[in-house]
Amino acid sequence: MVDQKLEEAQHMLSQVKSLYEISYTLCFCNESHFIQLFKKKYHVTPAEYLNSAGR
């Protein structure tokens with residue numbers, strides 16, 4: 001379930017949604033928790049992911 005949420009979060013990031021909006025929409029406890037789980041799965045923070053995507 002968490003993997004599915006993180007895949008959706010990755011998609012939402014590509015649409016330039018805010019971290020707050022993503023964490024709230026996908027029912028993560030808070031932004032910090034979302035960032036930790038994202039980094040654990042993808043080995044980069046959401047901000048690093050956006051920078052590498054050229055956003």
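Parameters at a glance
For every chain, the first residue of the written sequence is number 1, and numbering continues from 1 onward in sequence order. Only residues with pLDDT of at least 70 get local features here, since the model is predicted, and only at 80 or more are side-chain atom pairs given and counted; chain-wide, interface and lining totals rely on the full set of residues. Side-chain metrics in this entry use all non-hydrogen atoms of the structure; hydrogen atoms and water are not considered. Only runs of H or I of at least four residues qualify as helices and only runs of E of at least two qualify as strands under DSSP, and these elements are numbered from the N terminus. The reference for a compact globule is 2.2 Å times residues^0.38; the radius of gyration itself is calculated from the C-alpha atoms. Using a 1.4 Å probe on the protein chains alone, a residue whose accessible area is under 20% of its type maximum counts as buried, one over 50% counts as exposed, and one in between counts as partly exposed. Whether two residues are in contact is decided by their heavy atoms, any of which lying within 4.5 Å being enough. Nine residue types can take part in a nonpolar core, namely buried Ala, Val, Leu, Ile, Met, Phe, Trp, Tyr and Cys, and a core is a set of them joined through side-chain atoms within 4.5 Å. Each helix should span, by expectation, one fewer than its residue count multiplied by 1.5 Å. By definition, disulfides here are pairs of cysteine sulfur atoms that lie within 2.5 Å.

Chemist: Can you help me understand the overall build of the chain in this one?
Modeler: On a plain count of helices and strands, the chain comes out with four helices and zero strands. Each helix and strand of the chain, placed in order from N terminus to C terminus, yields the pattern α-α-α-α. Rg of the C-alpha trace for the chain: 10 Å, near the compact-globule value of 10 Å for 55 residues, within the 12% margin. Each of the three principal axes of the chain carries a C-alpha extent, and together these read 25 × 20 × 20 Å. Of all 55 residues assigned to the chain, the portion counted as buried reaches 22%. When contacts within the chain are restricted to residue pairs at least 6 apart in sequence, long-range pairs at least 24 apart make up 41% of them.

Chemist: How should I be thinking about the nonpolar core in this particular structure?
Modeler: The tendency in soluble globular proteins is for nonpolar side chains to be buried as a group. If you look at the biggest cluster of nonpolar residues, it comprises nine residues: Leu6, Ala9, Met12, Leu13, Ile22, Leu26, Phe28, Phe34 and Phe38. For this core, the secondary structure elements donating two or more residues are helix H1 (2-14) and helix H3 (31-42). Once you skip the residues sitting within four places of it in the chain, Met12 turns out to touch Lys17, Ile22, Thr25 and Leu26.

Chemist: How do you make sense of H3 when you look at a structure like this?
Modeler: In an α-helix, one full turn covers 3.6 residues, which means residues spaced three or four apart are oriented alike. The terminal C-alpha atoms of H3 lie 16 Å apart, and with twelve residues this matches the ideal 16 Å at 1.5 Å per residue to within 8%. Once H3 finishes, His43 follows within two positions and takes phi at roughly 65 degrees, a positive value.

Chemist: Got a minute to help me understand the state of the cysteines in this structure?
Modeler: In protein structure, a disulfide is the covalent linkage between the sulfur atoms of two cysteines. Counted by the stated rule, this structure contains zero disulfides. No disulfide involves Cys27; its sulfur sits 9.9 Å from that of Cys29, the nearest cysteine. Classification of Cys27 as exposed rests on a relative accessible area of 60%. Under the relative-accessibility criterion, Cys29 is labelled exposed at 68%.

Chemist: What exactly am I supposed to notice about the environment of Ser32 here?
Modeler: For Ser32, the location among the structural elements is in helix H3. When the C-alpha positions of Ser32 and Leu19 are compared, they lie 9.3 Å apart, and in sequence the two are 13 residues distant.

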